[in-house]
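Remarks on the overall topology
In case you want the letters, here they are:
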Amino acid sequence: MELIGIIIGIFACYIIWPILKWWLNQVTTSSELPPPDGIEEKDWLKLISPSRLKSGSEDTEINSWLQEIKRLPNSAPEWLGILERILSFTAFFLNAPLIIVGWLAFKVASKWQVWANVVQVPKASDGAIDKSSITFLIARHRWGSFILMRFLIGTVTNVLLGIVLAYFIKYALC
């Protein structure tokens, strides 16, 4: 019976992805991330969020860039989320929450370096920082905060869903 519960849970972790993707987009796209001074909005959007760019634009550069992006494999974060939900569900279903502790420690360690590279304030070489540097740092900080919040919301959602599914399948179905 335990094997059937695990199979049901893994299937549920996989099929719920479209709902979670919609929800994650709803809670994380409300942030305004205006471009820093001197950078055009389309170039800023290319950098921070290609999904916000509209296809069929009159700008041929944007259209060709979007076509190039669509050819690239971009499902790695989606698969990582699915696997994280499966890991969370399986760990809680099998009463092995230390697996989640290890996974979260790994995520903290790997994200630490990324966070430092995106948001860390660079040292000014001559000690002077002009207005354009400040607006760029503000924009970079907003973008880094947006990435961190999406990361944290996704992680908490996956772990909570794993707990709920494990409890439901273990005690309601099995």
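Notes on the structure follow. (Residues numbered from 1 in each chain as written. Predicted model: local features only at pLDDT ≥ 70, side-chain atom pairs only at ≥ 80, totals over all residues. Heavy atoms only, no water.)

1. Digging into the overall build of the chain
When helices and strands are counted, the chain shows 7 helices and 0 strands. Looking at the chain as a whole, 29% of its 174 residues qualify as buried. In the chain, the share of contacts with a sequence separation of at least 24, taken over all contacts with a separation of at least 6, comes to 67%. (Helix = DSSP H or I, 4+ residues; strand = E, 2+ residues; numbered from the N terminus. Buried < 20%, exposed > 50% of the residue type's maximum accessible area, 1.4 Å probe, protein only. Contact = heavy atoms within 4.5 Å.)

2. Details of unusual backbone geometry
Among all residues except glycine, the phi angle is most often negative; among peptide bonds, the trans geometry is most common. Its identity is not glycine, yet asparagine 95 carries a phi of approximately 55 degrees, on the positive side. Position of asparagine 95 among the secondary structure elements: in the loop between α5 (76-93) and α6 (98-119).

3. Observations concerning the layout of surface pockets
Empty space within the second largest pocket amounts to approximately 150 Å³. Leu104, Lys107, Val108, Lys111, Trp112, Trp115, Leu148, Phe151, Leu152 and Thr155 together form the lining of the second largest pocket. For the lining of the second largest pocket, the secondary structure elements donating two or more residues are α6 and α7 (131-173). Residue contributions to the lining of the second largest pocket peak at 6 residues, all from α6. Its residues placed into classes, the lining of the second largest pocket shows 7 nonpolar, 1 polar and 2 charged. (1 Å grid on protein atoms, 1.4 Å probe; cavity = no way out; pocket = protein on both sides within 12 Å on 5 of 7 lines; lining within 4 Å. Points joined across faces, edges and corners; volume = space filled by probe spheres on them. Nonpolar A, V, L, I, M, F, W, Y, C, P; charged D, E, K, R; others polar.)

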